[in-house]
Amino acid sequence: MLKLFVVVLAGVLVAWASVGKVPPQFKVPQSPAVDYVNPLIGNGGIAPSVTGGMIPSTAPPFGMTRWIAQTRRNYVSRTPYNWTADRISGFQGTRQPAIWMGESGPVGVVPGFVANGDASKVKTDFDQRGLKKVAGSEVITPSYYRIELEDDVDGGGMVVVEQSATSRVGHLRFTFHPSSPSFMPSLVIEAVRPSITSSNPNNITFPMGQVTLSNATSHSTPFEICGWNDERQDHIITPLSIAANAAKFKGFFCAHLSGAQIMSHGIVQNETVVADAVDMSGQILSSYVLLQPASSPKRAPPSIVVDLRVGTSFISTDMARGHIASEAPPSQSLEDTARIVRTAWAEKLDRIVIEGASEEMKETFYTAAFHALQYPSEQHENGMYFSGNDGQVHEAAESYTGYSIWDTYRAAWAWEILMAPERIPGMVNSMLADFKEAGRLPMWKNIVETNIMVGTHADSLIAEAAVKGVSGFDPEVAWQAVLKDATVPPVKDDSVLYSDRQENVDFEARAGLSTVYADKGWVAADVHSESGSRTLDYAYDDFSAAMLGRAIGKPEDVVQPLLDRAMTAPFTLWNEATGFMEARNADGAFAGESAGWTEGDKWTYTFDVVHAVPQLVEKRGGNASFVKSLDAHFDGGHNDHRNEPSHHIPYLYALGGAAFKTQEKVREIANVNYNNTPNGLSGNEDCGQTSAWFLFTAMGFYPVNPASGEYVVGSPFFDKITITLPPSPSSSLEAVKGNRTLTIIAKGAATKQYVKSLMINGQPIDTPVISHEQLIGGGEVVFEMSDTVEEWGNPVNAGN
């Protein structure tokens with residue numbers, strides 16, 4: 001039986017219920033799916049590693065700059081907003097793509113009140129400038145945010161802040177209610193902040209930047225504040241060969257303020273106010289404006305409404321200014337901007353209609369779909385993009401950053417191929433541009449490569465796209481890039497450890513390729529970090545390279561050596577004496593059962609051979625023994641869904657002849673790890689991967705081996721899911737150029753978890769494996785569900 005087990009902290013239900021309702025003008029167009037999105041899911045307060053690490057930002061799908069109310073300073077392992085806070089210290093244009101990554105070129109906007117128009121009292125310090133949330137006033141949607149804030153320190157009054165954001169423009173509206181004529185509303189634009197890079201207060205740097213104010217002071221001409229900063233918190237792990245070029249990065253902004261008279265303005269540098277200043281460079285820079293006071297001290301002060309549009313760019317302030325003109329021009333109201341953004345989300349989410357799900361389950365599902373279409377984020381601007389690889393601006397229709405590939409290759413990429421196929425060629429071309437400019441495909445790109453995690457899983461992304469019929473990119477360049485990963489080791493491969501976030505090294509790629517792996521099949525534990533995980537990842541990436549080669553027509557004598565290595569390398573780690581995978585030293589000796597793993601252990605990684613499961617089953621002694629080993633894994637508490645290497649493991653039961661146990665386990669995992677509260681994601685979202693697991697699992701199948709183009713069948717959650725698949729304009733398959741309807745029917749699925757039979761377009765499916773080709777053209781997938789274990793997918797000897 002499928003239920004939601006809600007994890008509740010003390011007081012969570014009261015605070016949760018205090019979230020405000022969306023005004024009707026911000027629910028246009030009508031969209032049942034978008035209404036179910038709860039952006040607070042995954043913003044829990046326990047710790048980032050167990051509660052999602054997501055923020056309720058406003059932006060369209062794959063938006064370049066997301067806007068968020070800021071309750072705390074953000075840095076690596078800390079996002080800018082947590083729902084448990086009772087104060088807000090500003091509103092931030094953020095590009096932090098995931099909680100474990102750093103910020104790049106942010107800009108902040110801070111409302112406040114200043115007594116007697118005394119500019120020396122303008123607050124820019126983060127800890128001093130916060131305003132208190134008015135209980136019950138916060139409204140949170142993907143396209144519109146609203147909060148009422150009060151100055152409970154100086155008694156200056158109350159301000160209503162409303163926010164939306166296009167991909168490159170934050171659009172905010174402030175309605176100030178001063179408590180008396182002696183208080184003047186203020187807005188601070190934080191151009192350059194001190195960059196705190198960890199919880200250690202000594203880990204702080206001081207980026208450089210500039211802020212410039214125009215002298216426009218009338219209602220008809222927007223007051224303009226432009227500037228830039230070079231903050232990039234991940235700069236310390238930039239590969240050496242591109243570090244000088246990457247250092248040319250700047251986050252530009254241009255803010256247009258209208259709707260209220262500017263009474264005075266200036267610049268604050270390191271808390272020193274310089275009244276009337278219009279241009280300044282350096283560190284810790286903010287600008288401020290003080291707004292029109294009451295016309296008469298004898299009357300209650302009127303409300304003051306300010307419209308603020310902040311264009312952002314990686315290229316120039318002129319480009320940032322231009323984004324305002326194209327994405328949020330003066331004629332466009334905040335309601336208009338929010339409608340445009342809501343329409344973009346509705347276009348994606350309304351394609352999915354669920355029947356037979358609770359309201360809570362719909363929130364969980366549609367929020368997962370929302371999360372899984374945020375990354376990677378756009379880096380292109382008007383047919384151009386800044387490349388940190390060479391420090392130049394290039395022409396291209398699309399460019400992307402924020403690739404958490406070690407995580408997202410597992411299922412998030414498959415979800416995007418399914419639901420955002422129009423984006424895939426541009427995303428692949430963006431990775432190929434990185435290859436052409438820097439010499440390597442990305443591993444974890446955050447503006448530039450960061451060398452985080454292991455494996456070259458861009459190989460998998462490109463291969464999966466090609467296998468699933470995506471075209472629109474140069475297959476020969478793709479092949480060259482993937483083949484280089486497989487055959488060319490990184491520099492100083494025999495001497496550099498390439499540990500997690502190691503500084504002052506070059507592109508990591510496949511560290512250990514030249515030492516032992518290419519000859520004997522394993523990465524040496526006494527030479528490189530995380531060697532066991534690397535060995536298994538490299539083997540899968542070899543398989544991906546082979547699948548790409550076949551998909552684009554490479555000769556078999558070129559493909560087969562990669563495939564041979566892919567199938568043999570994992571089992572060089574097999575320790576016959578223990579029945580587990582184990583890292584090995586250069587001389588072949590086993591390195592110990594705890595050595596060489598990335599965010600997992602011997603239990604997790606012994607099952608991490610997704611491209612060679614039959615061989616793994618054979619190593620375990622056949623189906624029955626394999627299933628018993630999976631039982632030991634789960635029964636012993638070794639499965640950790642908080643981290644991605646465990647995501648495919650429940651589906652291995654089905655590949656070992658015990659499909660009924662997959663059906664049981666995926667329900668159990670979903671029940672425990674997902675719900676519709678801020679703590680509704682266990683583990684880190686990792687740019688959509690954790691949500692993508694839930695989405696595919698709820699549909700009834702999951703891409704265990706992504707580059708194969710196949711899915712393993714599980715247990716669907718709902719009576720019916722109808723998906724209007726979007727056109728795939730850059731597909732080699734003519735049949736997918738238009739909308740198609742995929743209907744998944746599983747009557748009684750909410751209470752019946754076992755599969756009795758499966759048919760796709762009227763054809764019976766006898767094994768728990770289906771292909772992308774069977775789904776992508778649309779049609780009807782019909783599960784017959786049962787409340788008892790059935791024979792389907794379950795040979796008699798498979799663990800019964």
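Residues numbered from 1 in each chain as written. Predicted model: local features only at pLDDT ≥ 70, side-chain atom pairs only at ≥ 80, totals over all residues. Heavy atoms only, no water.

Enquirer: Whenever I open this one, the pairing of strand β15 (residues 251-258) confuses me. Can you help?
Expert: Most of β15 sits inside the fold, with seven of its eight residues counted as buried. Bridge analysis of strand β14 (residues 223-229) against β15 gives seven bridges, and the strand direction is antiparallel. Bridge pairing in β15 places Ile-225 opposite Ala-255. Sheet topology note: the β15/strand β20 (residues 304-313) ladder contains seven bridges and is antiparallel. (Buried < 20%, exposed > 50% of the residue type's maximum accessible area, 1.4 Å probe, protein only. Helix = DSSP H or I, 4+ residues; strand = E, 2+ residues; numbered from the N terminus. Pairing = 2+ DSSP bridges.)

Enquirer: How do you make sense of the domain arrangement of the chain when you look at a structure like this?
Expert: Many analyses report the size of an interface as the accessible area lost when the parts associate. Considered domain by domain, the chain is made up of domain 1 (24-349) and domain 2 (402-786). Counting from both sides, the interface comprises 40 residues of domain 1 and, opposite them, 38 residues of domain 2. Looking at the side of domain 1 facing domain 2, the largest losses of area belong to Phe-62, Ile-237 and Lys-348, adding up to 21% of the total buried there. Inspection of the region where domain 1 meets domain 2 yields one salt bridge. (Domains from an automatic or database assignment. Contact = heavy atoms within 4.5 Å. Buried area = accessible area lost by both parts, 1.4 Å probe. Salt bridge = Lys/Arg side-chain N within 4 Å of Asp/Glu carboxyl O.)

Enquirer: Help me understand the state of the cysteines, please; the structure alone is not making it clear to me.
Expert: Counted according to the given criterion, the structure contains one disulfide. Residue Cys-226 pairs covalently with Cys-254 via a disulfide, S to S 2.0 Å. In this pair, Cys-226 sits in strand β14 while Cys-254 sits in strand β15, placing the two residues 28 residues apart along the sequence. Residues Cys-226 and Cys-254 agree in their burial class; the two are buried. (Disulfide = S-S within 2.5 Å.)

Enquirer: I'm lost on the sheet that holds strand β32 (residues 701-702) in this one. Help?
Expert: Sheets are built from strands that pair by backbone hydrogen bonding, the pairs being arranged parallel or antiparallel. With antiparallel pairing, three strands are arranged side by side in an open sheet as β32-β33-β38. Looking along the sheet, the strands with just one partner apiece sit at the ends: β32 and β38 (769-771). Of the pairings in the sheet, the one linking β32 to strand β33 (residues 710-713) comprises two bridges and is antiparallel in character. Paired with Phe-701 across the strands is Val-713, a residue of β33.

Enquirer: Any chance you could explain the UniProt feature "domain: Glycosyl hydrolase family" (unreviewed entry) in the chain here in plain terms?
Expert: When the UniProt feature table is mapped to this numbering, "domain: Glycosyl hydrolase family" (unreviewed entry) covers residues 320-787. With 41% helix and 14% strand, the stretch residues 320-787 has end C-alpha atoms that lie 58 Å from each other. (UniProt positions renumbered as here; feature names shortened; annotations may be inferred.)

Enquirer: Explain the nonpolar core here, please?
Expert: The nonpolar side chains of soluble globular proteins are, as a tendency, buried together. Formed by 146 residues in total, the largest nonpolar core has its most connected members in Trp-415, Met-431, Ile-462 and Phe-694. When residues of this core are assigned to domains, at least three fall in each of domain 1 (24-349) and domain 2 (402-786). (Core = buried A, V, L, I, M, F, W, Y, C linked by side-chain atoms within 4.5 Å.)

Enquirer: Explanation requested: the pattern of salt bridges in the structure shown.
Expert: Where charged atoms from two side chains of opposite charge come close, those side chains can pair. Tallied over the entire structure, the rule returns 36 salt bridges. Between Glu-593 and Lys-602 there is a salt bridge; the shortest N-O distance is 2.8 Å. Overall, Glu-593 belongs to the partly exposed group, its relative accessible area being 46%. Among the charged side chains, a network of salt bridges with common partners joins Arg-168, Glu-327, Glu-378 and Arg-423.

Enquirer: Please explain the pairing of strand β17 (residues 272-275) as it appears in this structure.
Expert: Where a strand is regular, its side chains alternate between the two sheet faces. Relative to β17, strand β16 (residues 262-269) runs antiparallel, the two being bridged by four bridges. Bridging from a neighbouring strand, Gln-269 pairs with Thr-272 of β17. Here β16 hands over to β17 after two residues, with Asn-270 in that stretch at a positive phi of 50 degrees.

Enquirer: So what exactly am I meant to see when it comes to the side chain of Ser-786 here?
Expert: Tracing the backbone shows Ser-786 in strand β39 (residues 779-786). In this structure the side chain of Ser-786 is engaged in a polar contact, spanning 2.7 Å, whose partner is the side chain of Glu-790. Not counting residues up to four positions away in its chain, the partners in contact with Ser-786 are Lys-752, Gln-753, Tyr-754 and Lys-756. (Polar contact = N/O pair within 3.5 Å; in protein donor to acceptor, adjacent residues only side chain to side chain.)

Enquirer: Looking at this structure, I do not really get helix α17 (residues 623-635). What am I missing?
Expert: The α-helix advances 3.6 residues per turn, and as a result positions three or four apart in sequence lie on the same side. Taking 1.5 Å of rise per residue, the 13 residues of α17 would be expected to cover 18 Å, and the 18 Å separating its terminal C-alpha atoms lies within 8% of that figure. Among all positions of α17, only Phe-626, Val-627, Ser-629, Leu-630, Asp-631, His-633 and Phe-634 are buried. On its buried side, α17 packs onto α15 (602-606), α16 (613-619), α18 (649-655) and α19 (659-673). Trailing α17 by a residue or two, Gly-637 shows a phi angle of about 75 degrees, which is positive. (Expected span 1.5 Å × (residues − 1).)

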